[in-house]
Amino acid sequence: MGRERAKYWIIWKADMELMFVRWMKWQSDWKKEEKYVSGKIVDRFGEAVVGTDGELDRKKLGEIVFSDEGKRKILNEIVHPPVLDYVKKDIEKRKKEGRKLYVLESALLAEAGQELCDKIWYIYTEENVRRIRLERSRGYTQEKITQMMASQLSVEQFRENCTDVIDNSGDF
C-alpha cells in the first residue's frame, strides 16, 4: 500500500480533518496567493517554467530544482512562507469549527512547518519499494527518482526530525 492509501486508511479510522498541502491549489481561498507565488517563481526561474496553457509547468520546474540544490532552496524560500501562513490560518479556522484533530500532509514537513505540529509522522518505505511505486504510479524514470531522492532529507534525517515512524514497505 502506498503512502496515499495509508493516509486515507488512517483518516478513515480517526475521523479527522486533513490538509494535503499539494492539493491547496483547489482551495478557493488559496487562488489569490497561488497567483502571487507563481508570479514570484516565474520572476526567478523565467518563462521556461510556464506551460503552453500559461500556467506553471510543475514538471519543468521539478527538472530544474531536483538537479540543482541551490535552485531548490530558492524555490522553497518562495513557496514555504505563504504556504505555512495559509495552513496556520486553516488550522485556526478548523479549531473554531470544533475540530480536535488536524492532519497536515506534506512531503517537506520535516524541513519546514514543524512548528505547526504536535507530532510528525514519517511514512517510511524501503528505497526499492519507493522506486517501484513512483515508477508505476507517476511514470517517473529511475533517473528522475534518483534526482528526487538525492534532493530530499536522508532516512536518518527524517527519523531524527519526526516523532513517529510508520513502515509502509509492505501491505496492510
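Reading the values: rules and limits
Starting afresh in each chain, residues are numbered from 1 along the sequence in its written order. Per-residue local features of the predicted model are confined to residues with pLDDT of at least 70, and side-chain atom pairs are confined, for both listing and counting, to 80 or more; whole-chain, interface and lining totals are unaffected and use all residues. Only heavy atoms go into the side-chain values, all of them from the structure, while hydrogens and water stay out. Secondary structure elements are taken from DSSP: a helix is a run of H or I of four residues or more, a strand is a run of E of two residues or more, and numbering for both begins at the N terminus. Buried residues are those whose accessible area, probed at 1.4 Å on protein chains only, stays under 20% of the maximum for their type, while exposed residues exceed 50% and partly exposed ones sit between those limits. Any two residues whose heavy atoms approach within 4.5 Å at even a single point are treated as in contact. Helix span, expected: 1.5 Å multiplied by one less than the number of residues in the helix. A residue's bend is simply the angle between two axes: one fitted to the seven residues ending at it, one to the seven starting at it. Polar contact is the term for a pair of N or O atoms within 3.5 Å; when the atoms are in protein, one must be able to donate a hydrogen and the other to accept it, and sequence-neighboring residues count only if both atoms are side-chain atoms. When a carboxyl oxygen of Asp or Glu lies within 4 Å of a side-chain nitrogen of Lys or Arg, that pair is called a salt bridge. Note on terminology: a nonpolar core comprises buried Ala, Val, Leu, Ile, Met, Phe, Trp, Tyr and Cys residues joined through side-chain atoms within 4.5 Å. The rule is short: rings of Phe, Tyr and Trp, with Trp giving its six-membered ring, pair when the centres are within 6.5 Å, and they are stacked under 30 degrees, edge-to-face over 60, tilted in between. As a reminder, the over-ring test applies to NZ of lysine and CZ of arginine, requiring each to be within 6 Å of the ring centre and within 35 degrees of the ring normal.

Novice: Explain the overall build of the chain to me, please; I cannot follow it from the model alone.
Specialist: Along the chain, the regular secondary structure elements total seven helices and four strands. Shown N-terminal to C-terminal, the secondary structure of the chain runs as helices and strands in the order α-β-α-α-α-β-β-α-α-α-β. Here the chain, with 172 residues, has 38% of them falling under the buried criterion. The long-range share in the chain, meaning contacts at least 24 apart out of those at least 6 apart in sequence, stands at 66%.

Novice: Where do I start with helix 5 (residues 127-138) in this structure?
Specialist: When the terminal C-alpha atoms of helix 5 are compared, their 16 Å separation across twelve residues agrees well with the 16 Å that a helix rising 1.5 Å per residue should span. Those residues of helix 5 that fall on the buried side of the exposure criterion are Val129, Arg131 and Leu134. Contact partners of the buried residues in helix 5: helix 6 (142-150). The positive-phi residue at the C-terminal boundary of helix 5 is Gly139, with phi of around 75°.

Novice: Help me understand helix 4 (residues 69-96), please; the structure alone is not making it clear to me.
Specialist: With 28 residues, helix 4 should cover 40 Å at 1.5 Å per step; its first-to-last C-alpha distance of 39 Å lies within 8% of that length. Along helix 4, the largest kink reaches about 30° and is centred on Val79; proline Pro81 follows within four residues of it. Regarding helix 4, its N-cap is Asp68, as a side-chain oxygen of that residue lies 2.9 Å from the backbone nitrogen of Gly70 further along.

Novice: What is the right way to look at the pattern of salt bridges in this model?
Specialist: Note on pairing: side chains with opposite charge can pair once their charged atoms come close. Taken as a whole and judged by the stated rule, the model has eight salt bridges. In this structure, Asp57 engages Lys60 in a salt bridge whose closest nitrogen and oxygen atoms are separated by 3.9 Å. When the shortest N-O distance is used, the salt bridge between Asp90 and Arg94 registers 3.5 Å. In this pair, Asp90 and Arg94 are both assigned in helix 4, four residues apart and thus about one turn of the helix distant.

Novice: So what exactly am I meant to see when it comes to the nonpolar core here?
Specialist: Soluble globular proteins tend to pack their nonpolar side chains together in the buried interior. Within the largest apolar cluster, eleven residues are counted, these being Val37, Ile41, Val42, Phe45, Val49, Val50, Leu56, Leu61, Val65, Leu75 and Ile78. Elements that contribute at least two residues to this core include exactly helix 2 (31-45), helix 3 (58-65) and helix 4. When residues in this core are grouped by element, the largest group, four residues, is from helix 2. Setting aside residues up to four positions removed in sequence, Phe45 forms contacts with Leu61, Ile64, Val65, Lys71, Ile74, Leu75 and Ile78. Val83, Val87, Ile91 and Leu116 belong to the second largest nonpolar core, which has seven residues in total.

Novice: I tried to follow the environment of Val49 on my own but got confused; where do I start?
Specialist: Relative to the assigned elements, Val49 resides in the loop between helix 2 and helix 3. Residue Val49 is classed as buried on the basis of its relative accessible area of 0%. Along the backbone, Val49 and Leu61 are twelve residues apart, and their C-alpha atoms lie at a distance of 5.5 Å. Setting aside anything within four residues of it in sequence, one finds Val49 in contact with Ile41, Val42, Glu55, Leu56, Asp57, Lys60, Leu61 and Ile64.

Novice: Please clarify how the packing of aromatic side chains should be interpreted in this entry.
Specialist: Each aromatic ring pair is specified by the distance between its two centres and by the angle formed by the two planes. Scanning the entire structure with this criterion turns up two aromatic pairs. Seen in terms of ring centroids, Tyr122 and Phe158 are 4.7 Å apart; in terms of plane orientation they differ by 10°. Their pairing is stacked. Of this pair, Tyr122 sits in strand 3 (residues 121-124) while Phe158 sits in helix 7 (residues 155-161); the two residues are 36 residues apart in sequence, bridging distant segments of the chain. The positively charged end of Lys144 is found above the aromatic ring belonging to Tyr140, 4.9 Å away from the centroid.

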